[in-house]
Amino acid sequence: MASNSLTTAQTTTQNRLRVFADAFKGYMGVMPIVAAALAPLLTFLKAIPRYESQRGTLATLSGILGFLLLAWLFYVRRTIALGSLIRGFRFLINMIPFLLIVGTVASFIGYFQLLGVSTGTALTLADKNQWTYAEKDKSVGFKTESDVLKHWDDRPVPYSASLQLLYLAIFLAAECAFVLMALREYINDTRRVSELEWMFGKQDAQALTEMQESIQARLKREAAQR
């Protein structure tokens, strides 16, 4: 009996995750991979300039934190669902994705500005200490920002912590905004809300109370039928 209950619970969880994944993929349209996987992929593809010595760390952290963020937002979906029907809190939920998008742009701009300062400082240090790097069995001096990004190796990176935080913020803020908007669609699908109801129906505390009473009544009916 306990085994059957456990199997049922596992199936229910799998179905919930599958439904969320389907809704999430549907919201993404034709994008080939989930948002949480974009950061490490773009890091390895060198879509955004960064120190070669930081590539592995940034790819690993962005991937792990991205999936953890996705899991956490799914974990608190009840709070988001209930809050979306409460005045004040609903406005906050609606504004957070926009603020995160602004944060993504701000992090992107801040990252490139700080990267310029970092590489400039690195060039000054390389010139002062007469540092070189090996290329084609030759000792070559650091002359450009590209040289610094590619061949700085294990030397201390100027403003290293700030650079990594801003780099991660670019992707994590964008992913969080995307997942929050996708989660809203998932919530609507779970509630079986039509476009007409969503656009023009009541979205207030009274509607929330009526919905909860309706759900509780349905659960009691299902329990009685068993």
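Residues numbered from 1 in each chain as written. Predicted model: local features only at pLDDT ≥ 70, side-chain atom pairs only at ≥ 80, totals over all residues. Heavy atoms only, no water.

Caption draft 1: Spatial organisation of the overall build of the chain. Helix and strand counts for the chain come out as nine helices and two strands. When the elements of the chain are put in sequence order from the N terminus, they spell out α-α-α-α-α-β-β-α-α-α-α. For the chain, with 226 residues in total, the buried portion stands at 33%. Taking contacts inside the chain between residues at least 6 apart in sequence as the whole, the part at least 24 apart equals 70%. Summed over its atoms, the accessible surface of the chain is roughly 14500 Å², and 62% of this surface lies on carbon and sulfur atoms. (Helix = DSSP H or I, 4+ residues; strand = E, 2+ residues; numbered from the N terminus. Buried < 20%, exposed > 50% of the residue type's maximum accessible area, 1.4 Å probe, protein only. Contact = heavy atoms within 4.5 Å. Areas by Shrake-Rupley, 256 points an atom, 1.4 Å probe, with all protein chains shown as cover.)

Caption draft 2: Structural context of the pattern of salt bridges. Per the stated rule, a full pass over the model turns up two salt bridges. Between glutamate 52 and arginine 50 there is a salt bridge, with its nearest N and O atoms 3.4 Å apart. Using a relative accessible area of 26% as the deciding quantity, one classes glutamate 52 as partly exposed. Between arginine 55 and glutamate 52 there is a salt bridge; the shortest N-O distance is 3.4 Å. Arginine 55 sits in the partly exposed class, given a relative accessible area of 24%. What emerges from the salt-bridge pattern is a single network uniting Arg50, Glu52 and Arg55. (Salt bridge = Lys/Arg side-chain N within 4 Å of Asp/Glu carboxyl O.)

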